[in-house]
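Survey of secondary and tertiary structure
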There are 2 protein chains.
Amino acid sequence: MTYHHGNLRRALLDAALELFVERGAFDFTLRELAREAGVTHNAPYRHFAGKAELLAALREEGFAALAESARAALTTADEPRKRVRVLGEAYVRFAIEKPHHFRLMLHNPLGEATPNGAAFELLRTALEEGRAAGVVRDDLSARELALAAWALVHGLSSLIVSGNVPGDEARVRRYTKTLDAVFFEGALARKRQR
Amino acid sequence: MTYHHGNLRRALLDAALELFVERGAFDFTLRELAREAGVTHNAPYRHFAGKAELLAALREEGFAALAESARAALTTADEPRKRVRVLGEAYVRFAIEKPHHFRLMLHNPLGEATPNGAAFELLRTALEEGRAAGVVRDDLSARELALAAWALVHGLSSLIVSGNVPGDEARVRRYTKTLDAVFFEGALARKRQR
DNA sequence: ACGCCAATGTGGATGCTGTCAACATTAGGC
DNA sequence: GCCTAATGTTGACAGCATCCACATTGGCGT
């Protein structure tokens, strides 16, 4: 057993996630994390000022991972509508696969804007492209449309993660399909078109 | 000062909300609430087994209030599309006016379905009506459409409450208008219709 | 190669918390 | 009007966050 742990910071973050998975809430104690990492109760303070700062670090990781997923998704589609769709799917998939990070990202102290702007910008750009291609309605700004799309996928993600809506793969596929249809085509009955 | 407080339960719930407003998080302590209510540290246990149960009680209040808002909103509109719209507006307004309750309602232990079914059923019914009236597309079930609408307003609400999107009255009005347009008419460019 | 400093981890102390158990007061039904 | 259940109090205990002084060691400059 070495006096210096090697990478305590990482170990603490991992332990926090692990405890979250076990208990379904971020109610762990710093001392617990220390024990988990095989270290005394004060060692964590060399890396984080407190629990809040540790959670903030996890949140950062989450935003980075989300942005990364979004970028990866974009490489798989060319036509505008499809690009928006894969972005949305990536968002929902992220929420389902990393519910701890996702929850954390929502759970900021309130009123503090969070820097998920990265993912949002990708979405806005995709809609901008669609607009340039004449595929997307032009009486609403790309920004407004992006907000609507964001609200849609963010809402679905939240509802799934919070357990209000089942999150099994089959249903999620259907949901995203429905949402895609509604977002692009609307809910109104089409009289003659299509 | 009476020995018996009169309505300690209520006082504790109010104190919890108050402290939340002050600090932007539910990190109060039960002893604090007791002090706030002018009562000793153990009195709260006569009303709540612990902090979790107290929060659960607040959550219940939230769901009840939301359902009530939804019902009230429905009395103000007759045509199907408008009915869906006012429901959505009521949802968002609720989130903005009672952000503490709203946050709490999202913040359940994870995986535990919450009983906001009441509001959801109203929404589903409204879409059912729209469908019966031939106003709403019929290749998607009312349930699916309701999910989409719910995701939309829930997403917007979450984003506003979490500070990711500004929540001032003027902008919210514009957002809801945009969302209404997108939900009903879709994001695709309309070639000849309209 | 080596010494030294900053980073990292330790040990102990303090005040606050949740929770339990025994006791005190009072409201309200009989 | 009395008695019991509901409500509030007091005291005690273990665990936690946080602060401080101290111990160990990796690695940088020479």
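Everything that follows concerns the structure shown earlier in this document.
Keep in mind the model is a prediction, meaning the values are calculated, not measured.

A separate point is the side chain of Thr176 of chain B. As for its position among the elements, Thr176 of chain B is in helix 8 (residues 169-185). Filtering out sequence-adjacent residues up to four positions away, Thr176 of chain B remains in contact with Arg85, Glu89 and Leu156 of chain B.

Right, let's get into the interface of chain B and chain A. Counting residues at the interface gives 51 residues for chain B, matched by 51 residues for chain A. The junction of chain B with chain A conceals about 4,700 Å² of combined surface from both sides, 60% of it contributed by carbon and sulfur atoms. Our count for the contact surface shared by chain B and chain A stands at 4 salt bridges. Between Glu144 of chain B and Arg174 of chain A there is a salt bridge, with its nearest N and O atoms 3.5 Å apart. The interface formed by chain B and chain A contains 6 residue pairs in polar contact (both at pLDDT 80 or more). At the level of secondary structure, the elements contributing two or more residues to the side of chain B that touches chain A comprise helix 5 (99-106), helix 7 (142-161) and helix 8 of chain B.

Among the structural elements, His154 of chain A can be located in helix 7 (residues 142-161). Filtering out sequence-adjacent residues up to four positions away, His154 of chain A remains in contact with Tyr91, Phe102 and Leu106 of chain A together with Gly155, Ser158 and Leu159 of chain B.

We now examine the relation of the copies chain B and chain A. Note on the identical chains: chain B maps onto chain A by a rotation of 180° and an axial translation of 0.0 Å, with an RMSD of 0.1 Å. Within this description, the copies of the chain are treated as partners about a two-fold rotation axis. The share of interface residues of chain B whose copies in chain A are also at the interface is 100%, consistent with both copies meeting through the same surface.

The subject of this paragraph is the pattern of salt bridges. Residues and elements named next belong to chain B. For the structure shown, the criterion picks out 34 salt bridges over all chains. Close ionic contact of Asp180 with Arg81 constitutes a salt bridge, the shortest N to O distance being 2.9 Å. In this pair, Asp180 is assigned in helix 8 and Arg81 in helix 4 (residues 80-97), connecting sequence segments 99 residues apart. Its relative accessible area of 11% is what places Asp180 among the buried residues.

The rules behind each value
- Residues numbered from 1 in each chain as written.
- Chains lettered and ligands numbered in written order.
- Predicted model: local features only at pLDDT ≥ 70, side-chain atom pairs only at ≥ 80, totals over all residues.
- Heavy atoms only, no water.
- Helix = DSSP H or I, 4+ residues; strand = E, 2+ residues; numbered from the N terminus.
- Contact = heavy atoms within 4.5 Å.
- Buried area = accessible area lost by both parts, 1.4 Å probe.
- Salt bridge = Lys/Arg side-chain N within 4 Å of Asp/Glu carboxyl O.
- Polar contact = N/O pair within 3.5 Å; in protein donor to acceptor, adjacent residues only side chain to side chain.
- Least-squares fit on C-alpha atoms with pLDDT ≥ 70 in both.
- Buried < 20%, exposed > 50% of the residue type's maximum accessible area, 1.4 Å probe, protein only.

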